[in-house]
Amino acid sequence: MGLEQNETGKLIAPYGGRLVSLVAAEGEREELRARGATLPRVQLTARNICDLELLATGGFSPLDGFMGEADYARVLEEMRLADGTLFPLPVTLTVGRADPVKLDEEIALVDQFNNPLAVMRVEEVYEWDRAREARLAYGTEDLRHPTVAEMNSWGELCVSGALSVVQLPRYYDFKRLRLTPAQVRDRLAALGRANVVAFQTRNPLHRAHEELTARAAREVGGTLLLHPVVGMTKPGDIDHYTRVRSYKVLAERYYDPRRMMLALLPLAMRMAGPREALWHAVIRRNFGANHLIVGRDHASPGRDSQDRPFYGAYDAQALVARHAEETGVKPMPFSELLYIPEEDRYEESSRIPEGKRTASISGTEVREQYLQRGRQLPQWFTRPEVATILAEAHPPRHEQGFCLWFTGLSGAGKSTTAEILAVKLMEHGRRVTVLDGDVVRTNLSKGLGFSKEDRDTNIRRIGFVAAEIARHGGAVMCAAVSPYRATRNECRALVGGDRFVEVFVDTPLEVCESRDAKGMYRQAREGKIKNFTGVDDPYEEPLNAEIVLDTVGRTAEQNAEQVLAYLVSKGFVRPALEESGARAEVEGAVASNV
């Protein structure tokens, strides 16, 4: 269809004309489960499970399975399926070479608890190139891009074939809002307006969002579909529980229920900027929307390792507009709205007379000036209910978790510096967990060797534990050689970039060898130890570590102080002066009462 407003009273048709459904008929499911129990199993990742659900329910229509090689290759090069249909991003299932996958045979796809989700008859097995996919689909090979970093842990082969879904993933949160495309379309149709504006943000909704979305729906004479992503977003984003709670309170108390509906989207985002925005348009059409609010930096992961933005601020809006005729989804640019205190209202910045006093708070200021300091957000900026939800979910910065990742050659001084810093952190009131590489290998990674695969496995285990500690508000220090950039950046993505501090202990190889009390370097030089970092296995130095330590010209204690000063500057640790000042106030108050 074209882009004229839909006046027919019917929602736009699904992309490709119909909603794909891969869920087996009820009468077939028991037989499928029984057969699946006898088949070789492939365990799906969280990303795979999100993709499977949207394939099964038609969210990715007209795609009817994980991509085969012809679709995959053309999507990378041209953003089109093999038959020419516009589709901007690959949706693939990767497996390892050792996985029990054979052509023309069936496999069971299971979740992390080994519950069977689907049966696939394997019709294609093909190689894929990580660097090529990163370059073409995401426009970068920079490992600071979270999906590019994550790709390092994907299997070497892609598989595709006919899918029969036994059951959709089970959720126990917000069950009334977890609606399939068909269910959303039914509810939108019942509201009686053909034009539907979809909106998502990875942040809670504030007053400006509220005003913008309501205006957009009025502008097209349609319905607003609030459609937050509850699958995978950017690591470090506000958790979906907090976001959905804020959406719910606004939907129930501040939006007109006759002109809006709230539903959740179990999408695993790729953070692919312009291509992702176009993908969002295709997906939202399947849910019944023919308009999409496209924000500045839509679906962007932020900045690269050179501190440059991955994508242009308005590239996403431009790409969605360029293909709007074909997708049938018209982009509605996310206009900047500013608050006018004298008139107690929001207005587009372009319509405000010069010299008029306005107010705004940036996302950075929300985090750094309010949430991290325990300050309540003002009512002109956000509804009081939302402010309370955010305050509950965001303790002050000095109570939030973080991960210090010490990397460097064996003997560089990582463990020594970490041990000293641990004491200093406890002196400042922060308890800390130290995950030392040698200790982890003894207790968590016993049995692993020193091949690249085993080293990556070891580092991923450390990263997983560190991410869990940081997520629950703990401070954690990881001291491991961790020689490969890709795996270190996987760990950064796991923890979340704003809570991950890479500390490069920059000690020259010859200095490390001179400190070699255990004789490891000597044995490596003699060939008695194989794959030793710095001798016969490479060490990939960080390209843009947050902290670089000089262990030749500075002592370990001085370096620990340098790291501590950084943590204080970022608010993760209270400065000693603040503590002594508070103590003096308490002592003075006690003295005056004696």
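Not measured: the values here are computed from a predicted model. (Residues numbered from 1 in each chain as written. Predicted model: local features only at pLDDT ≥ 70, side-chain atom pairs only at ≥ 80, totals over all residues. Heavy atoms only, no water.)

Examining the side chain of arginine 397
So, step 1. One can find arginine 397 in the loop between helix H13 (384-393) and strand E13 (402-407).
So, step 2. It is aspartate 498 that comes nearest to the buried, bridge-free arginine 397 among opposite-charge side chains, at 4.3 Å.
So, step 3. A distance of 3.4 Å separates a polar side-chain atom of arginine 397 from the backbone oxygen of aspartate 498.
So, step 4. Among all residues touching arginine 397, those that are not within four sequence positions of it are Gln372, Arg430, Asp498, Lys570, Gly571 and Phe572. (Helix = DSSP H or I, 4+ residues; strand = E, 2+ residues; numbered from the N terminus. Buried < 20%, exposed > 50% of the residue type's maximum accessible area, 1.4 Å probe, protein only. Lys, Arg positive; Asp, Glu negative; His and termini not counted. Salt bridge = Lys/Arg side-chain N within 4 Å of Asp/Glu carboxyl O. Polar contact = N/O pair within 3.5 Å; in protein donor to acceptor, adjacent residues only side chain to side chain. Contact = heavy atoms within 4.5 Å.)

Description of the packing of aromatic side chains
So, step 1. According to the stated counting rule, one finds 12 aromatic pairs in the structure shown.
So, step 2. Directly above the ring of tyrosine 171 sits arginine 178, whose terminal nitrogen or CZ lies 3.8 Å from the centroid.
So, step 3. The ring of phenylalanine 450 has arginine 441 lying over it, and the distance from NZ or CZ to the ring centre is 4.0 Å. (Phe/Tyr/Trp six-rings, centres within 6.5 Å; stacked < 30°, edge-to-face > 60°. Lys NZ or Arg CZ within 6 Å of the ring centre and 35° of its normal.)

What to know about the pairing of strand E5 (residues 157-165)
So, step 1. For E5, the buried fraction is high: 7 of the 9 residues fall into the buried class.
So, step 2. Pairing geometry for strand E2 (residues 93-95) and E5, over 3 bridges, is antiparallel. In the strand pairing of E5, valine 95 is matched with leucine 157.
So, step 3. Sheet analysis places strand E4 (residues 116-127) next to E5, joined by 9 bridges and oriented antiparallel. (Pairing = 2+ DSSP bridges.)

A closer look at the packing of helix H14 (residues 414-427) against helix H20 (residues 556-569)
So, step 1. Look at H14 against H20: their axes get within 9 Å of each other, and the N-to-C directions meet at 55 degrees. When the axis of H14 is compared with that of H20, the two are oblique. Here H14 and H20 pass one another in a crossing that is right-handed. Counted together, Thr416, Thr417, Ile420, Leu421, Lys424 and Leu425 of H14 and Ala556, Glu557, Asn559, Ala560, Glu561, Val563, Leu564 and Leu567 of H20 form the full contact between these two elements.
So, step 2. The class makeup of the residues in the contact of H14 with H20 is 8 nonpolar, 3 polar and 3 charged. (Axes fitted to C-alpha atoms, helices over the stretch in contact; angles between N-to-C directions. Parallel < 35°, antiparallel > 145°, perpendicular 65-115°, else oblique. Left-handed = near helix turned anticlockwise from the far one by under 90°. Nonpolar A, V, L, I, M, F, W, Y, C, P; charged D, E, K, R; others polar.)

Remarks on the pattern of salt bridges
A side chain with one charge may pair with a side chain of the opposite charge, provided their charged atoms come close.
So, step 1. Going through the model one piece at a time under the given rule, you end up with 38 salt bridges.
So, step 2. Residue glutamate 210 pairs with arginine 383 through a salt bridge whose shortest N-O separation is 2.7 Å. With glutamate 210 in helix H7 (residues 207-219) and arginine 383 in the loop between helix H12 (363-370) and H13, this residue pair connects regions lying 173 residues apart in the sequence.
So, step 3. Judged by its relative accessible area of 8%, glutamate 210 falls in the buried class.

So, the sheet that holds strand E7 (residues 223-226)
So, step 1. Ordered in space as E8-E7-E6-E9-E10, the 5 strands form an open sheet in which the pairing is parallel. Each end of this open sheet is capped by a strand with a single partner; those strands are strand E8 (260-262) and strand E10 (330-333). Ignoring strand direction, the axes of neighbouring strands in this sheet form an average angle of 25 degrees.
So, step 2. Across 4 bridges, the pairing between strand E9 (residues 291-294) and E10 is parallel. The residue of E10 that forms the bridge with histidine 291 is lysine 330.
So, step 3. Across the sheet, helix H10 (residues 315-322) is in contact with E9 and E10; its angle to E10 comes to roughly 155 degrees.

Looking at H13
So, step 1. Turning to H13, its buried residues are Val386, Ala387, Ile389 and Leu390. Along H13, the residues classed as buried sweep out an arc of 160 degrees about the axis, all on the same side.
So, step 2. Against the buried residues of H13 lie helix H8 (240-253). (Arc of directions from axis to C-beta.)

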